[in-house]
Amino acid sequence: MAAIRLLGISGSLRAASFNTALLRAAQAQLPDDVDLQVATLHGIPLYDGDLEGREGIPAAVKDLKEQIVASDGVLLSSPEYNNGIPGVFKNAIDWLSRPPADAARVFRDRPFAVIGASPGGFGTILAQNAWLPVLRTLGVRQWAGSRLMVSRASQV
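Residues numbered from 1 in each chain as written. Predicted model: local features only at pLDDT ≥ 70, side-chain atom pairs only at ≥ 80, totals over all residues. Heavy atoms only, no water.

Draft legend 1. Inspection of the nonpolar core at higher detail. Of all hydrophobic cores here, the largest spans 28 residues; its most connected members are I9, L64, L76, F107 and W131. At the level of secondary structure, the elements contributing two or more residues to this core comprise β1 (4–10), α3 (59–69), β3 (73–77), α4 (87–96), α5 (100–106), β4 (111–117) and α6 (125–138). Per element, the largest residue contribution to this core is 5 residues, and it comes from α4. Sequence-distant contacts of L64, defined by excluding residues within four places in its chain, comprise L7, I9, A39, L41, I44 and L96. (Core = buried A, V, L, I, M, F, W, Y, C linked by side-chain atoms within 4.5 Å. Buried < 20%, exposed > 50% of the residue type's maximum accessible area, 1.4 Å probe, protein only. Helix = DSSP H or I, 4+ residues; strand = E, 2+ residues; numbered from the N terminus. Contact = heavy atoms within 4.5 Å.)

See below:
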């Protein structure tokens, strides 16, 4: 049986990110026929239409796009900042949807799921809810069978 290739994207830039650690923990729990690669958002600049017009899509964005395209599904490991999606994570998704003609290749009907870890007591429920309209707009096939929200992540 061919291996299932998943891409986990951590929405935190911190070296000791709870969300990167959550993806690493997921890697350790997967069966042998599932491969989970972990990606971060390092190197993705703030979205700037003038930069895009002048220089095109940045290399870090192109690389992450190709990792998504090569995957059978994507797992977004999202922190929750001020009750919502971290700006750095939303910025990366905005870049990944550029140019619009390429967005369907990256997102359309691709399985996506959102998980998250937070030092707070409510996990990442509000950030996960905030992802719903974004993922719907991108046309992904979002898995919503359950939620994985790790609260008090600094104690886990």
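The discussion continues.
Draft legend 2. A look at the pairing of β4. Among the 7 residues of β4, 6 are classified as buried, and the element is accordingly described as predominantly covered. Sheet topology note: the β3/β4 ladder contains 4 bridges and is parallel. What sits directly across from S77, in β4, is I115. Pairing between β4 and strand β5 (residues 141–142): 2 bridges, direction parallel. (Pairing = 2+ DSSP bridges.)

Draft legend 3. Up close: the packing of aromatic side chains. The full count for this structure, using the stated rule, is 3 aromatic pairs. Centre to centre, the rings of F89 and W131 are 5.0 Å apart; their planes meet at 75 degrees, and the pair counts as edge-to-face. Of the two residues, F89 is situated in helix α4 and W131 in helix α6; the sequence distance between them amounts to 42 residues. The class of F89 is buried, set by a relative accessible area of 0%. (Phe/Tyr/Trp six-rings, centres within 6.5 Å; stacked < 30°, edge-to-face > 60°.)

Draft legend 4. Spatial organisation of α3. Among the residues making up α3, those that are buried are V61, L64, K65 and I68. The buried residues of α3 occupy an angular sector of 105 degrees when the element is viewed end-on, so they sit on one face. Residues of α3 that are buried sit in contact with β1, β2 (34–39), β3, α4 and α5. (Arc of directions from axis to C-beta.)

Draft legend 5. Highlighting the layout of surface pockets. Quantified by volume, the largest pocket comes out at close to 340 Å³. For the largest pocket, the lining is made up of 17 residues, of which F112, A113, V114, W143 and S146 are closest to its centre. At the level of secondary structure, the elements contributing two or more residues to the lining of the largest pocket comprise β3, β4 and α6. No other element matches β4, which puts 5 residues into the lining of the largest pocket. Partitioning the lining of the largest pocket into residue classes produces 12 nonpolar, 4 polar and 1 charged. (1 Å grid on protein atoms, 1.4 Å probe; cavity = no way out; pocket = protein on both sides within 12 Å on 5 of 7 lines; lining within 4 Å. Points joined across faces, edges and corners; volume = space filled by probe spheres on them. Nonpolar A, V, L, I, M, F, W, Y, C, P; charged D, E, K, R; others polar.)

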